[in-house]
Amino acid sequence: MKQITVGLMAHVDSGKTTLAEALLYQTGVIRQQGRVDHGNTWLDTDSMERSRGITIFSHQATITVGNVNITLLDTPGHVDFSAETERTMQVLDYAVLLISGTEGVQSHTRTLWQLLERYEIPVVLFINKMDAARHTAKALLQEVQGKLSSNCVDMAASSEMLYEQAATCSEWLMNQYLDSGELTEPELAKAIAGREIFPCCFGSARKGEGITQLLELLERYTLQPPAGDAFGARVFKISTDAKGNRLTFMKIQSGTLKNRDELEYRGSDHRTYQEKISGIRFYSGAKYRAAEQAVTGEICAVTGLSAAFAGQGLGCLTDDTRGFLRPVMRYRAILPEDMLPTDGLKHFRMLEEEDPRLNVLWNEQLQAIFVQLMGKVQLEVLSAQIRERFGYAVSFDSGTVTYLETIAAPVEGVGHFEPLRHYAEVHIRMTPLPAGSGLQWESRCSEDVLSRNWQRLILTHIEEKQHLGVLTGSPITDMKLTLVAGKAHLKHTEGGDFRQATYRAIRQGLASAQSVLLEPYYDFVLTLPQDALGRAMHDIQMMHGSFGSPETEEGMAVLTGSAPVARLADYAVEVMSYTKGQGSLSLTVAGYRPCHNAEEVIEHMGYHFESDLVNSPDSVFCSHGAGYTVPWYEVPEHMHLPFADAKQTEEDEELLPMPKVSSYAAAGDDELMAIYERTYGKINRDTRKAMRRHRHEESGPVHTTPAKIVTKGPEYLLVDGYNIIFAWEDLKQLAEDHLELARNQLIHRLGNYQGWRNCHIIIVFDAYRVKGKDRTVEQHGALHVVYTKEAETADSYIEQVSHTLAKEYRVRVATSDGLEQIIVLGNGAQRLSARELLAEVQSAEAEIRAFMEKQKHS
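Within each chain, residue numbers correspond to sequence positions counted from 1 in written order. Owing to the predicted nature of the model, reporting of local features is limited to residues with pLDDT of at least 70; listing and counting of side-chain atom pairs is limited to 80 or more, with chain, interface and lining totals taken over all residues. In computing side-chain values, all of the structure's heavy atoms are included and hydrogens and water are not.

### Some details on the overall build of the chain
Counted only if it meets this: Note on conventions: DSSP H or I runs of at least 4 residues are helices, E runs of at least 2 residues are strands, and numbering of each starts at the N terminus. Here the term buried applies to any residue with accessible area under 20% of the maximum for its type, exposed to any over 50%, and partly exposed to those in between, with areas from a 1.4 Å probe on protein chains only. The contact criterion used throughout is that any non-hydrogen atoms of two residues lie within 4.5 Å.
What the chain contains, in helices and strands, is 26 helices and 40 strands. When each of the 858 residues of the chain is scored for burial, the buried share is 52%. Nonlocal contacts in the chain, meaning residues at least 24 apart in sequence, comprise 69% of its contacts between residues at least 6 apart.

See below:
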């Protein structure tokens, strides 16, 4: 028999559970159809579900229609439990998406539609509550076609009309129809499986109308996915039974799983397990039957696996860690006074295994538990779960939105761990990715440099930990972490050494990069009387939101747009107030975008990454038989391997002709400008504003157009002193023994250059790591030397000064820092690499010598 898995999903209160009851009743699984309001439905087995009248957890039942066995998975409809619905999508062959005939396409309906599209699941639409619908089936079909897909077709139409509708959805269907004048059931089934057409049925689940047509459609127009012989299963849910046994729910995608089979897999703790299946169960509602085996296409729960997790692939399948829905709220758990936080943490971790999107966070410094959730209903359910399962009451604070962090431009992070008799160094290139990409990792390190086993271990350490940003201590996202170099010691390196070096490399890279604070946004649909439209538009603008042109629908104004979750979360109550109950607000999570008030949030959260000892950006080096800590900003001066990116840049520069020292480096500015615009995008704000790297300044990747370069007036040359010293080989060698001599030599050479070129030169040296240090300015002839104050880098000082001077003067900045070059270009300055400055200085020195020789002979 054909075996398929069908998920039931809908916006809350669309009648989904009622439809599940109707399907079970129609196929003879139950004798009496339950009702949600009576609390006696077959699939809502949990006491919280029955008391609230909503589905919280996914449940299964099996029905038989003709020669087809269908496993039904009833999923939650409330937006707070969307993560449960999304996990279920990993094992679906088809989905039945319900749409309320009284409400039409709603906000969460669109979210589900987008998720089904991303998971490439064929969809059958059931327009429910037609007995109470205000519109005809034709009008509702047009709405669905307009808001979801134009390829939605009415399966109740006459054969000729059905063929015509389906033919317009696909070129190959059109060809088939033109050749034969009809479309066969296998052809339509193939088009449905390929998401080329979306069949629609109309009815009323409460009255049993349209149920037969839906069952016939699932029998005649569905295909069982092809499968191989090798065993492969996908885990989609973790739960416990009444006796506390751990249940691992999975779908057998190929092959057969038998009782007492031994499986080898990597658990959620990244350890390898070899465990036997001790039991196989097939659930239908709260009941189950035990079995000796499960075959391809079946959904079962097994006992015996202690560390499997949702999304895991067993056998021949790989893990599926996709997750498009992210929690947007963060709450702190308040435990009973007589309870240790670590004991409560164990219970929260158990619940996290069952619901990975719960995202439990442990703050070591505060000894506090935080959870990330979708909303307050999920929070109430979590409190009830803890009370019922663990026997104590827990409360939560009012909550804040969940922030994330990313970076604006590539950076290479370095981590070194070398206490006595230990050794590891890791270089990780961190590259920003498009919004919503999450974290990715790979290795581009040669096995001649670092063995494959060490590389695999480093990638494991990247994956195993939730890495925190440096602005607010929020998790990082939307970047690729690439292992580009590493070093081990033949005798002293152990696995734990690379863990420490990897963690420190990521933190050092984040500390060196320009970080960007991200906040969650809602897409909203605001329906309200037309006389309240002006108030609503003003409110959204004050929330830093955006919206399109208002529309009119049945005498009401409809405003669609997006705004930060932090500003929009409680707006529904306000809408009800100023519209006197006539308005409504529908919200859908739209992902993360740069924070609209980053500076304010960063200051309020008060996170200081250098004080976070658990997530240190510093490295440990060894000297004279003892380990010592090197601050993150000094690590490049001590690291044992060169920057992989810098080495590549030098190799590329050797292939290019030397620039003429008598002209500016304008030839490369166009290319650098393109890099700038690709990184930050086109902008529509003040052209003189540029990105800043201060932790307490606006952290979003401000999309700006580079400022116009001034070509007349006095010329200023800003020099990043230590950057140039360690880029010029002779000064670098001198600095290894006598840094002060190297500094004086640079000042002397640039003083001669200034006098010959007749320009203003400002050399900037870092002093920001010196406690209590104030900014000082020294004058050497006509040359100015600036030593930055505490907590101020040379980069930040140069950015500020170049931003100010470039408004009225010609400004060039000498540095080999790629990010700094991009930023100063945005300020209206011209960039000058260390190599180009050296060429100009050497040229000036040669001209001075030639002039002096000429003077001798004159």
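That shown, we press on.
### Quick look at the pattern of salt bridges
Condition: What counts as a salt bridge is simple: a side-chain nitrogen of Lys or Arg found within 4 Å of a carboxyl oxygen of Asp or Glu.
Inspection of every chain in the model, using the stated rule, returns 24 salt bridges. Note that Arg260 is salt-bridged to Glu292, the shortest N-O span being 3.3 Å. A residue pair is termed long-range when its members are at least 10 positions apart, and Arg260 in the loop between strand S10 (256–258) and strand S11 (262–266) and Glu292 in the loop between strand S14 (287–291) and strand S15 (293–295) qualify at 32 residues. Among the salt bridges present, the one from Glu442 reaches Lys480, with a minimum N-O distance of 3.6 Å. Of the two residues, Glu442 sits in strand S26 (residues 439–443) while Lys480 sits in strand S27 (residues 479–488), which places them 38 residues apart along the sequence. Classification of Glu442 by relative accessible area gives partly exposed; the value is 22%. What makes Lys480 partly exposed here is its relative accessible area of 23%.

### Observations regarding the pairing of strand S16 (residues 299–303)
The criterion, for reference: Two strands are said to pair when DSSP picks up at least two bridges between them.
Of all five residues in S16, five are buried; the element is thus mostly enclosed. Of the two faces of S16, the one carrying Ile299, Ala301 and Thr303 and the one carrying Cys300 and Val302 are both buried. Direction of pairing for strand S9 (residues 246–254) relative to S16: antiparallel, over a ladder of four bridges. Paired with Phe249 across the strands is Ala301, a residue of S16. Relative to S16, strand S13 (residues 279–284) runs antiparallel, the two being bridged by three bridges. The residue bridging Arg281 from the neighbouring strand is Ala301, located in S16.

### Side note on the confidence of the model for the chain
We count it as follows: The pLDDT value expresses, per residue, how confident the predictor is, ranging between 0 and 100.
The pLDDT averaged across the chain works out to 83; a share of 86% of its residues lies at or above 70. Confidence drops under a pLDDT of 50 for residues 647–711, and excluding neighbours within four residues, the segment shows 130 contacts in the predicted structure.

### Quick look at the nonpolar core
Keep this limit in mind: Within this scheme, the nonpolar core is defined by two criteria: the residues are buried Ala, Val, Leu, Ile, Met, Phe, Trp, Tyr or Cys, and they are joined through side-chain atoms within 4.5 Å.
Phe348, Leu382, Phe396, Leu526 and Tyr571 are the most contacted members of the largest nonpolar core, which has 47 residues in total. Considering every element that reaches this core, the biggest residue donor is strand S28 (residues 515–529), with five residues. Here Tyr571 is in contact with Leu526, Ala536, Asp539, Ile540, Met543, Tyr578 and Leu585, once residues within four sequence places are set aside. Listed in part, the 43 residues of the second largest apolar core include Ala166, Ala167, Ala191 and Ile197.

### Thoughts on the sheet that holds strand S36 (residues 760–765)
Just so we agree on the cut-off: For helices, the fitted axis covers only the stretch in contact; all axes are lines through C-alpha atoms, and the angles between them, taken along N-to-C directions, range from 0 to 180 degrees.
If you walk across this open sheet you meet the six strands as S37-S38-S36-S35-S39-S40, and the pairing is mixed. Each edge of the sheet is formed by a strand with only one pairing partner; in this case those strands are strand S37 (776–780) and strand S40 (830–832). Taking each pair of neighbouring strands and ignoring which way they run, the sheet shows an average axis angle of 20°. Direction of pairing for S36 relative to strand S38 (residues 783–787): parallel, over a ladder of four bridges. Pairing of Ile762 across the sheet is with His784, part of S38. On the sheet, helix H23 (residues 739–757) packs against strand S35 (715–720), S36, S37, S38 and strand S39 (810–814) and is oriented at approximately 165° with respect to S36. Most of the contacts of helix H24 (residues 794–805) go to S35, to which it runs at about 170°, and overall it touches S35, S36, S38 and S39.

### Details of helix H9 (residues 211–220)
Note the cut-off: As used here, the arc is the angular range of directions from the helix axis to the C-beta atoms.
Of all the positions in H9, only Ile211, Leu214, Leu215, Leu217 and Leu218 are classed as buried. Viewed end-on, H9 has its buried residues packed into an arc of 155°, placing them on one side of the element.

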